[in-house]
Amino acid sequence: MATTRQLNVNGRVYTTDADPEAILLFVLRDHLDLTGTKYGCGEGQCGACTVLIDGKARRSCITRLADVAQRQITTIEGLAKGDQLHPLQQAFLDEAAMQCAYCTSGMIMSAVSLLSTRQDLSAAEIRRSMEGNVCRCGTYPRIVSAIQKAAEVMRESRP
Amino acid sequence: MSRELEFEAGVEPERYELTALLRYCFEVDRREFFKFLGTGLLIVCVWKDAYGMQESGSDRGTRLQSLPAEIAAWLHIGEDGAVTAYTGKVEVGQNIRTSLSQAVAEELHVPISKVQMVMGDTKQTPYDRGTFGSRTTPEMNLQLRKVASAARDVLVGIAASQWQVDRNRLLVGDGKITDSANERSVEYAALVKGNQLTGTVPAEDPLIPATHWKVAGRSLPKIDGLDFVTGKHRYPSDQKLPEMLYGKVLRPPAFGATLSSLDTHKADKLPGAIVVHDGNFVGVAAPSAEIASRALAAVHAEWKSVPQISNKELFEYLKQNEESGESGGLVPPGSLARSDSSGSAFRYEAGSVEKALASADHRLQQTYTVSYIAHVPLEPRAALAQWSDDNLTVWTGTQRPFGVRAELAEAFRMSEERVRVLMPDTGSAYGGKHTGETAIEAARLARAAKRPVKLMWTREEEFTWAYFRPAGVLEVSSGIRNDGTILAWDFHNYNSGAMGIRTFYEIENQRIQFHVTRSPLRQGSYRALAATANHFARESHIDELAHLVKMDPLGFRLKNLKNERLRAVFEAAAKKFAWGQNKPAGHGFGMGGGFEKGGNVATFAEVAVDRSTGDVKVVRMVTAFECGAIVNPDGLLNQIEGANIMGLGGALFEAIDFSDGRILNGRLSDYRVPRFSDVPALQTVLLDRKDIPSAGAGESSMVGVAPAIANAIFDATGIRLRSLPLVPNGLKIS
Ligand code: FES
Ligand code: FES
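Residues numbered from 1 in each chain as written. Chains lettered and ligands numbered in written order. Predicted model: local features only at pLDDT ≥ 70, side-chain atom pairs only at ≥ 80, totals over all residues. Heavy atoms only, no water.

Undergrad: Where do I start with the overall build of chain B in this structure?
TA: When you go through chain B residue by residue, the secondary structure sums to 19 helices and 29 strands. Counting the 734 residues in chain B, one finds 63% classified as buried. Long-range contacts, defined as pairs at least 24 residues apart, comprise 76% of the intrachain contacts of chain B with a sequence gap of at least 6. If you sum the accessible surface of chain B, you get close to 26900 Å²; carbon and sulfur atoms cover 50% of it. (Helix = DSSP H or I, 4+ residues; strand = E, 2+ residues; numbered from the N terminus. Buried < 20%, exposed > 50% of the residue type's maximum accessible area, 1.4 Å probe, protein only. Contact = heavy atoms within 4.5 Å. Areas by Shrake-Rupley, 256 points an atom, 1.4 Å probe, with all protein chains shown as cover.)

Undergrad: Explanation requested: the overall build of chain A in the structure shown.
TA: Counting its secondary structure elements, chain A contains five helices and five strands. Secondary structure elements in chain A, listed N-terminal to C-terminal, are β-β-α-β-β-β-α-α-α-α. Since a compact globule built from 159 residues should have a radius of gyration of about 15 Å, the 16 Å found for chain A is in line with a globular shape. By principal-axis analysis of the C-alpha atoms, chain A measures approximately 50 × 35 × 25 Å. Across the 159 residues in chain A, those meeting the buried criterion constitute 55%. Excluding contacts between residues fewer than 6 apart, the proportion of contacts in chain A whose partners are at least 24 apart in sequence is 56%. For chain A, the computed accessible surface area is about 6400 Å², with 47% contributed by carbon and sulfur atoms. Of the side-chain charges in chain A, 18 are positive and 17 negative, and the distance between the mean point of each set is 4 Å. (Rg over C-alpha atoms; globule rule 2.2 N^0.38 Å. Lys, Arg positive; Asp, Glu negative; His and termini not counted. Charge placed at Lys NZ, Arg CZ, Asp CG, Glu CD.)

Undergrad: Just to check I follow, could you spell out the confidence of the model for chain B for this structure?
TA: As a note on interpretation, predicted positions should not be read in detail where pLDDT is low. All names here are of chain B. Chain-level statistics for chain B give a pLDDT mean of 86 and a share of 86% at 70 or above. For the stretch residues 1-28, pLDDT sits under 50, and the model shows 95 contacts to residues farther than four places along the chain or on other chains. Residue range residues 48-69 is modelled with pLDDT below 50. Its contacts to residues more than four positions away, or to other chains, number 43 contacts. (pLDDT = per-residue confidence, 0-100.)

Undergrad: How should I be thinking about helix H15 (residues 531-548) of chain B in this particular structure?
TA: Side chains that are three or four residues apart share a direction in an α-helix, a result of its 3.6 residues per turn. Residue and element names in this part refer to chain B. In this model, H15 (18 residues) spans 25 Å end to end at C-alpha, consistent with the 26 Å of a helix rising 1.5 Å per residue. Most of H15 is tucked away, with 16 of its 18 residues classed as buried. Positive phi shows up at lysine 550, right after H15, with a value of about 55 degrees. (Expected span 1.5 Å × (residues − 1).)

Undergrad: Honestly, the interface of chain B and chain A in this entry has me stumped. Any pointers?
TA: How big an interface is tends to be stated in terms of accessible area lost as the parts join. With 55 residues of chain B at the interface, the matching set in chain A holds 47 residues. Across the interface of chain B and chain A, roughly 4300 Å² is buried in total on both sides, 54% from carbon and sulfur atoms. Taken as a group, B:Val229, B:Leu378 and B:Phe676 account for 21% of the area that chain B buries against chain A, more than any other trio of residues on that side. At the surface where chain B touches chain A, the tally comes to eight salt bridges. Where A:Glu43 meets B:Arg667, a salt bridge forms, and the shortest distance between an N and an O atom there is 3.3 Å. Viewed at the interface, chain A and chain B are joined by 31 residue pairs in polar contact (both at pLDDT 80 or more). The set of elements that each furnish at least two residues to the side of chain B that touches chain A consists of helix H7 (225-229), helix H9 (289-298), strand E19 (453-456), helix H14 (459-465) and helix H18 (633-652) of chain B. Among the elements that make up the side of chain B that touches chain A, the one with the highest residue count is H18(B) (eight residues). In the side of chain B that touches chain A, the residues fall into 24 nonpolar, 17 polar and 14 charged. (Buried area = accessible area lost by both parts, 1.4 Å probe. Salt bridge = Lys/Arg side-chain N within 4 Å of Asp/Glu carboxyl O. Polar contact = N/O pair within 3.5 Å; in protein donor to acceptor, adjacent residues only side chain to side chain. Nonpolar A, V, L, I, M, F, W, Y, C, P; charged D, E, K, R; others polar.)

Undergrad: I'm lost on the domain arrangement of chain B in this one. Help?
TA: The assigned domain composition of chain B is domain 1 (71-223), domain 2 (236-307 + 381-456) and domain 3 (321-372 + 468-724). Using only C-alpha atoms to locate each centre, domain 1 of chain B and domain 3 of chain B end up separated by 39 Å. (Domains from an automatic or database assignment.)

Undergrad: Would you mind going over the pairing of strand E3 (residues 50-53) of chain A with me for this structure?
TA: For a regular strand, side chains alternate in direction, first toward one face of the sheet and then toward the other. Residues and elements named next belong to chain A. Judged by which residues are buried, E3 turns out to be covered on both faces: Thr50 and Leu52 on one side and Val51 and Ile53 on the other are all buried. Pairing geometry for E3 and strand E4 (residues 56-59), over four bridges, is antiparallel. Each bridged residue has a counterpart across the sheet, and for valine 51 the counterpart in E4 is arginine 58. As consecutive antiparallel partners, E3 and E4 are separated by two residues, and within that stretch aspartate 54 has a phi angle of approximately 50 degrees, a positive value. Sheet analysis places E3 next to strand E5 (residues 72-74), joined by two bridges and oriented antiparallel. In the strand pairing of E5, leucine 52 is matched with threonine 74. (Pairing = 2+ DSSP bridges.)

Undergrad: How do you make sense of the sheet that holds strand E28 (residues 681-687) of chain B when you look at a structure like this?
TA: Neighbouring strands of a sheet are bound in pairs by backbone hydrogen bonds; such pairs are parallel or else antiparallel. Residue and element names in this part refer to chain B. Strand order in this open sheet of four strands is E23-E24-E25-E28, and the pairing throughout is mixed. Strands at the two margins of the open sheet, each flanked by one partner only, are strand E23 (587-596) and E28. Along the sheet, successive strands turn relative to each other by an average axial angle of 15 degrees, direction set aside. Inspection of the sheet shows strand E25 (residues 616-626) paired to E28 by seven bridges, in the parallel sense. Counted as the bridge partner of arginine 620 is alanine 681 from E28. Packing of helix H17 (residues 564-577) onto the sheet brings it into contact with E23, strand E24 (599-609), E25 and E28, and relative to E24 it is tilted by some 30 degrees. Packing of H18 onto the sheet brings it into contact with E25 and E28, and relative to E28 it is tilted by some 130 degrees. (Axes fitted to C-alpha atoms, helices over the stretch in contact; angles between N-to-C directions.)

Undergrad: What am I meant to see in the sheet that holds strand E7 (residues 184-187) of chain B here?
TA: All names here are of chain B. The strand order across the open sheet formed by three strands is E5-E6-E7, and the pairing between neighbours is antiparallel. At either end of the open sheet lies a strand with only one pairing partner, and these are strand E5 (171-173) and E7. Along the sheet, successive strands turn relative to each other by an average axial angle of 25 degrees, direction set aside. Pairing geometry for E5 and strand E6 (residues 176-179), over three bridges, is antiparallel. Within the sheet, the bridge partner assigned to leucine 171 lies in E6 and is threonine 178.

Undergrad: Please clarify how the packing of aromatic side chains should be interpreted in this entry.
TA: Given two aromatic rings, their pairing is described by the distance between the two centres and the angle made by the two planes. All names here are of chain B. Counting across every chain of the model gives 19 aromatic pairs over all chains. By way of ring pairs, the aromatic residues Phe577, Trp579, Phe589 and Phe604 are connected into one cluster. Between the NZ or CZ atom of arginine 620 and the centre of the ring of phenylalanine 577, over which it lies, the distance is 3.9 Å. (Phe/Tyr/Trp six-rings, centres within 6.5 Å; stacked < 30°, edge-to-face > 60°. Lys NZ or Arg CZ within 6 Å of the ring centre and 35° of its normal.)

Undergrad: Help me understand helix H5 (residues 140-156) of chain A in this model?
TA: The terminal C-alpha atoms of H5(A), which comprises 17 residues, lie 24 Å apart, in line with the 24 Å expected from a rise of 1.5 Å per residue. Of all the residues in H5(A), the buried ones are A:Tyr140, A:Arg142, A:Ile143, A:Val144, A:Ala146, A:Ile147, A:Ala150, A:Ala151 and A:Met154. Those residues of H5(A) that are buried lie in contact with helix H2 (87-94), helix H3 (104-117) and helix H4 (123-129) of chain A together with H18 of chain B.

Undergrad: Please clarify how the domain arrangement of chain A should be interpreted in this entry.
TA: Residue and element names in this part refer to chain A. Per the domain assignment, the segments making up chain A are domain 1 (5-78) and domain 2 (87-157). Here domain 1 and domain 2 have C-alpha centroids that lie 21 Å from each other. The interface of domain 1 with domain 2 comprises 16 residues on the first partner and 14 residues on the second. Both sides of the domain 1 and domain 2 interface together cover about 1200 Å² of buried area, and 55% of this is carbon and sulfur. Three residues stand out in domain 1 for area buried against domain 2, namely Lys38, Leu52 and Ile76, and they jointly supply 36% of the buried area on that side. At the boundary of domain 1 and domain 2, one finds eight residue pairs in polar contact (both at pLDDT 80 or more). Among the secondary structure elements, those contributing two or more residues to the side of domain 1 that touches domain 2 are E3 and E4. Of the residues forming the side of domain 1 that touches domain 2, the biggest block, three residues, is contributed by E4. Taken together, the residues of the side of domain 1 that touches domain 2 break down into six nonpolar, seven polar and three charged.

Undergrad: Quick question: what am I supposed to make of the nonpolar core here?
TA: Where a protein is soluble and globular, its nonpolar side chains tend to be buried together. One finds A:Leu88, A:Phe92, A:Met107, A:Ile147, B:Leu392, B:Leu408 and B:Ile656 to be the most contacted residues of the largest nonpolar core, which totals 113 residues. With eight residues, the top contributor of residues to this core is H5(A). Setting aside its immediate chain neighbours within four residues, B:Leu408 contacts B:Leu392, B:Val394, B:Val419, B:Val421, B:Ala439, B:Ile440 and B:Ala443. (Core = buried A, V, L, I, M, F, W, Y, C linked by side-chain atoms within 4.5 Å.)

Undergrad: I tried to follow the packing of H2(A) against H5(A) on my own but got confused; where do I start?
TA: Each packed pair of helices is defined by two parameters, the angle between the axes and the distance between the axes. Residue and element names in this part refer to chain A. Two numbers describe how H2 lies on H5: the axes approach to 8 Å, and their chain directions differ by 135 degrees. Compared by their axis directions, H2 and H5 come out oblique. Seen along the crossing, H2 lies across H5 with a hand that is right-handed. When H2 is examined against H5, the residues Pro87, Leu88, Ala91, Phe92 and Asp94 are found in contact with a partner set consisting of Ile143, Ala146, Ile147, Lys149, Ala150, Val153 and Met154. Taken together, the residues of the contact of H2 with H5 sort by class into ten nonpolar, no polar and two charged. (Parallel < 35°, antiparallel > 145°, perpendicular 65-115°, else oblique. Left-handed = near helix turned anticlockwise from the far one by under 90°.)

Written as structure tokens, this is what we have:
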């Protein structure tokens, strides 16, 4: 008999009967229908599956369900506050930092984690910190601009 | 149509892209259309087969006869004023949903937000051969402009007759027609209400000239960008249906392996798991991906494989396995889907190469090679298949929804009318998603399971069981006079393809040949196709010739180049790059350029070589690009930057390692793709030629990257690299 467990995602409590050994990425996508988090490699190499665990970027494709049972998980779907986009979402739109946009949610989630501690990063620091995220369409320069732009917005809106 | 004429039309025969056969011709049945579209105005764009010439291969003649007229696109304006345009083209990140909407909005004088595009749905959209070859902008953009401008004409006509005024007095704007003399106006919606109006497009319909474009020609953001930054958009791999099962396919250990024994009794016992065995196909479907994985692991299979070559023997193999005439055995035996080969060898000759070589002051003979590389679309292949009453519906990411429909119909021996393929906007393709393997596999599982089945390929499957950019051997032999005039050009490409094989330099004596060979790996289309290989060999060789006669590489090119558009991009890039300026020690400058698919490009690169470590870093690249009138400048820049960055990977380090029917580096931790730190400073100069019809840009803009970098490495070190990738393990400086 399958046992159920609770999962805290985007401020909501979900109940799932997924195996504790199950991979978080597929629990989110298949069980909770949160498909904004993408599969790209399954081995922590591309960043498409990035989510926040207690505010820190983590690759959900190499994270077991059991490891996040008591934690706060945030996915791309939980980033906007109602109609109010997160500054990074807005910046990605403004800078047209996407082509096929399959990498976009992972890029944004990684950047959210990055900017949560510091908003004064140089372009070189951003590039270095984002090295684990792949955009095969090659929109890297635009992504760097978008992150810089969002950082500026976040700096200015700080109390 | 002779080969020569095809070149004049700017369309070269390319074996790896020509796959889609036109199975039948639509009958335009008005009532049918209005039944699913609703009343209103419908404009259908019917064109004579002007593009049949693109097809190469033996069946071209018969195909032409069977194509009296073809529908390219249609447009519907509903009673509520909603404008919907239908095209068989698909969105894989080139942002054509935006640029095509833009074209319609412009011609119809409506805000872009009023335009909806229905794309790549074999039930709802007109037949289309596929989205590749940078043909969307020159073809579909034009077709949609035509239907939209015809619709506008019809609407003006109705208003004029209702008001009994001269149509030339009426103004069109913002979804309305206005008669300013009598101070009245009417919305499109009101004009079409209750009607079933149809029209077809005369080919010679006047279009708004590029200089008057309002919406087109401006940068517009991705049309549904919000869905992408919020994770709402459903890619093929995100599709879901009630009762859906998750599929997995058992892969053989090597290409061409055949199943010799199979034991599934353990897998069968897993809750809800269904094991399907059909010939060499073994797959499972289960209520969750986890159970499907466990079931697959529980299957015990033994395979028989045949010995095959490794990449160490590759180039020799290609040289020794030329096939005479028409296409070759490109499919490894036993692979599930067919390969994309339908082309043939190509040969062009002018003057006498032998005589010219004999009279030249210098002769140069060199061999260049390119490796197999993988597309690595960030979204691996995925499909969701559903059967109902012997009808099959498949959602999948493909550049050829109609081609995949044909593959499905063939695989299941059913008529195409009973198959529907839908293509949700997909996580990129780059020429790598022409085929329907995943669709067929998902459909096979769904048929056995009697439930919808979704199949998502893993990254490893995508690396191994899709297809590769062809590898190639290119042999160039040339003769030159002391004054820098190129006299003879003998150019042979083995296997990689004919695209971009002709030289655009003025050379009197030429022999250019594409040799079809057997390929040890399954190969197919890739962004820019063989143009990358052909430009790499040509532009590297040109650079070698310039050094041979001690001329500046730019001056040498311009001396041998008459084509104005090409000269313009070389000159523009040189200026922006500051060609000829001093460079830091260890740095080198290089250039490469060419003409491909209506786009002219020159790329200049600066590299820095660290002599102690052998590290090669591309510091900056300047690209000058011209593809006629510009539709969406920012979209174009985005495509060019992206193509340059993708081009960097193939130029510097991407290569498929294989042996004995196995891919040895088929995962992202083993196969290096460009990342943030690989990206140089990029500058792009766009030349806008409003007098020339727009061409696509997603491919042609990358052909100069590899030779520019190779030439820059030579400039920095004196080391001439003639194989792509250039420095997979850094530069060996002895
Ligand atoms: S899918 Fe998790 S890092 Fe690639
Ligand atoms: S936009 Fe396609 S992978 Fe980044």
